[in-house]
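Spelled out, the chains give:
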Amino acid sequence: MNVPLLDLKAQYVTIKSEIDAAIAEVVESQRFILGPKVEECEKAIAAYSRCAYGVGISSGTDALLVCLMAENIGAGDEIITTPYSFFATAGSIARMGATPVFVDIDPVTYNMDVSQIASKITSKTRAIIPVHLYGQMAEMDAVMQVAQAHHVVVIEDAAQAIGAEYKGRRAGSIGDYGCLSFYPSKNLAGIGDGGMVVTNDAKKAERVRILRGHGAEEKYYHKLIGGNFRLDALQAAVVTAKLPHLDGWTAARQHNAKRYDQLFREAGVPVRTPQVRTDRHIFNQYVIRGENRNALQDRLKKSGVGTEVYYPVPLHLQECFAYLGHKPGALPESERAAEETLALPIQPELTEAQARYVVECVRGFYR
Ligand SMILES: Cc1ncc(COP(=O)(O)O)c(C=O)c1O
């Protein structure tokens, strides 16, 4: 049996006519940059995220970058974040000339261990970037408490977490800014790169909007030094067309996760399965932990099961961050997770037979 980690075609065939029509409409209009399709998408995604404003951005990475630009983050500033994330989280901080300050993860949720944040605050701290990893939100009450006590902004990296909820509040709606990604492997995906900044603050939304178009409010008159961070109309049209399906896809992912949990329990496999601690985990990834992870991954590959390691090297040990001076052992939970975690296929279209096969292959490896 073949079980790919992600089968984009399996989703596309179910909504082909809607996606093709959305693309055709943009091509017919020949309005490719910003315009009505992007505005429609911004309104729809902001409403879905329960935020007042949405600003379409070229990618999730650029969404993080433009929020840091909006806060005038630069050399000498420190930004607290997690080392167990995609590179963009810390990369965007370093690109602004600021210093990423890492807080280790809680080994149960893989999100920032919020009890450690306060000890990392200094007079240079300007922001906290919690990441809602795999689709489960970080402990936002604790993050906001520290941030408010020290007057620093919170930029939620919600790239993997559109529609996730913490105490009834959606990803991106709690901090000062929320950054979303429409990268093709995300739950709500475009047909290329795309992203959005969501916020409830009118002034912050306006600043991000100006910065995404080279800092010009009026064409050729540059108030600020921004960049080209515009969301393309084709991506916006596809994302808007897919949005009505998102809750159904999320429900299917949650169902698949529960089924895996049960199958792993029944099979008595010595792997740890994800712990759900928040109201609505949207399962962008379903990640197990076990010994001999690399050999397990090889075995699954030979058996036709696609997997991925998110992420094999924690950010504090990346070569490009050697100048920060972290040594192995500095953030042990992140380092252990990087050695032991493995993401399994969890897409909405995963069949029961495929899920049973995946669990059987994992069981076979550990027998
Ligand atoms: C946690 C996290 N942050 C940021 C990003 C960057 O998003 P993008 O790939 O749209 O630039 C991603 C996605 O890859 C991500 O998973």
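What you see is a predicted model; the values in this text were computed from it and never measured. (Residues numbered from 1 in each chain as written. Predicted model: local features only at pLDDT ≥ 70, side-chain atom pairs only at ≥ 80, totals over all residues. Heavy atoms only, no water.)

## Description of the pairing of strand β1 (residues 53-57)
Link 1 in the chain: Of all five residues in β1, four are buried, a share of seventy percent or more.
Link 2 in the chain: The sheet contact formed by β1 and strand β9 (residues 195-199) spans five bridges and is antiparallel. Bridge pairing in β9 links G54 to V198. (Buried < 20%, exposed > 50% of the residue type's maximum accessible area, 1.4 Å probe, protein only. Helix = DSSP H or I, 4+ residues; strand = E, 2+ residues; numbered from the N terminus. Pairing = 2+ DSSP bridges.)

## Things to note about the site of the ligand
Link 1 in the chain: Around the ligand there are 16 residues in total, and G60, T61, D157, S181 and K186 lie nearest to it.
Link 2 in the chain: One of the side-chain nitrogen or oxygen atoms of S181 is found 2.7 Å away from an oxygen atom of the ligand.
Link 3 in the chain: When the free accessible area of the ligand is taken as 380 Å², the share hidden by the protein chains comes to 94%.
Link 4 in the chain: Of all the elements in the fold, those that place two or more residues in the shell around the ligand are α3 (60-70) and α4 (88-95). (Near = heavy atom within 4 Å. Polar contact = N/O pair within 3.5 Å; in protein donor to acceptor, adjacent residues only side chain to side chain. Areas by Shrake-Rupley, 256 points an atom, 1.4 Å probe, with all protein chains shown as cover.)

## What about α3?
Link 1 in the chain: Of all 11 residues making up α3, 10 are buried, and the element is well covered by its neighbours.
Link 2 in the chain: Of the positions making up α3, those classed as buried are G60, D62, A63, L64, L65, V66, C67, L68, M69 and A70.
Link 3 in the chain: Where α3 begins, one side-chain oxygen reaches toward the backbone nitrogen of T61, 3.3 Å away; that side chain belongs to S59.
Link 4 in the chain: The first or second residue beyond α3 is N72, which carries a positive phi of 55 degrees.

## Examining the nonpolar core
Link 1 in the chain: With 49 residues, the main nonpolar core has I45, I117 and M140 as its most contacted residues.
Link 2 in the chain: Going through the elements one at a time, α1 (8-29), α2 (36-48), α5 (140-150), β9, α7 (233-242) and α8 (246-267) are the ones with two or more residues in this core.
Link 3 in the chain: Among the elements that make up this core, the one with the highest residue count is α7 (six residues).
Link 4 in the chain: When near neighbours in sequence (up to four residues on either side) are disregarded, I45 contacts I162, L180, F182, L188, M196, V198, V239 and L243.
Link 5 in the chain: Counting residues in each nonpolar core, the second largest holds 27 residues, with C67, L68, A88 and I129 among its members. (Core = buried A, V, L, I, M, F, W, Y, C linked by side-chain atoms within 4.5 Å. Contact = heavy atoms within 4.5 Å.)

## With respect to the sheet that holds strand β8 (residues 177-181)
Link 1 in the chain: Pairing in this open sheet of seven strands is mixed, and the strands run β1-β9-β8-β5-β4-β2-β3 from one edge to the other. A strand with exactly one partner marks an edge of an open sheet, and here the two such strands are β1 and β3 (99-102). Neighbour-to-neighbour, the strand axes of this sheet turn through a mean angle of 25 degrees, independent of strand direction.
Link 2 in the chain: Judged from the two bridges that link them, strand β4 (residues 125-129) and strand β5 (residues 153-157) form a sheet pairing that is parallel. Bridge pairing links A127 to V153 in β5. (Axes fitted to C-alpha atoms, helices over the stretch in contact; angles between N-to-C directions.)

## Some points on the packing of α2 against α7
Link 1 in the chain: Contact geometry for α2 and α7: axes closest at 8 Å, N-to-C directions at 40 degrees. In terms of orientation, α2 and α7 fall into the oblique class. Judged by the twist between their axes, the crossing of α2 over α7 is left-handed. For the pair formed by α2 and α7, the contact residues are K37, V38, E40, C41 and I45 on the first element and A233, A236, A237, V239 and T240 on the second.
Link 2 in the chain: Residues belonging to the contact of α2 with α7 are distributed by class as follows: seven nonpolar, one polar and two charged. (Parallel < 35°, antiparallel > 145°, perpendicular 65-115°, else oblique. Left-handed = near helix turned anticlockwise from the far one by under 90°. Nonpolar A, V, L, I, M, F, W, Y, C, P; charged D, E, K, R; others polar.)

## Things to note about the environment of I346
Link 1 in the chain: Here I346 lies in the loop between β13 (341-344) and α11 (352-366).
Link 2 in the chain: It is 15 Å that separates the C-alpha atoms of I346 and P184, two residues lying 162 residues apart in sequence.
Link 3 in the chain: Discounting chain neighbours no more than four positions away, the residues touching I346 are L5, R253, N256, A257, Y260, F283, N284, Q285 and Y286.

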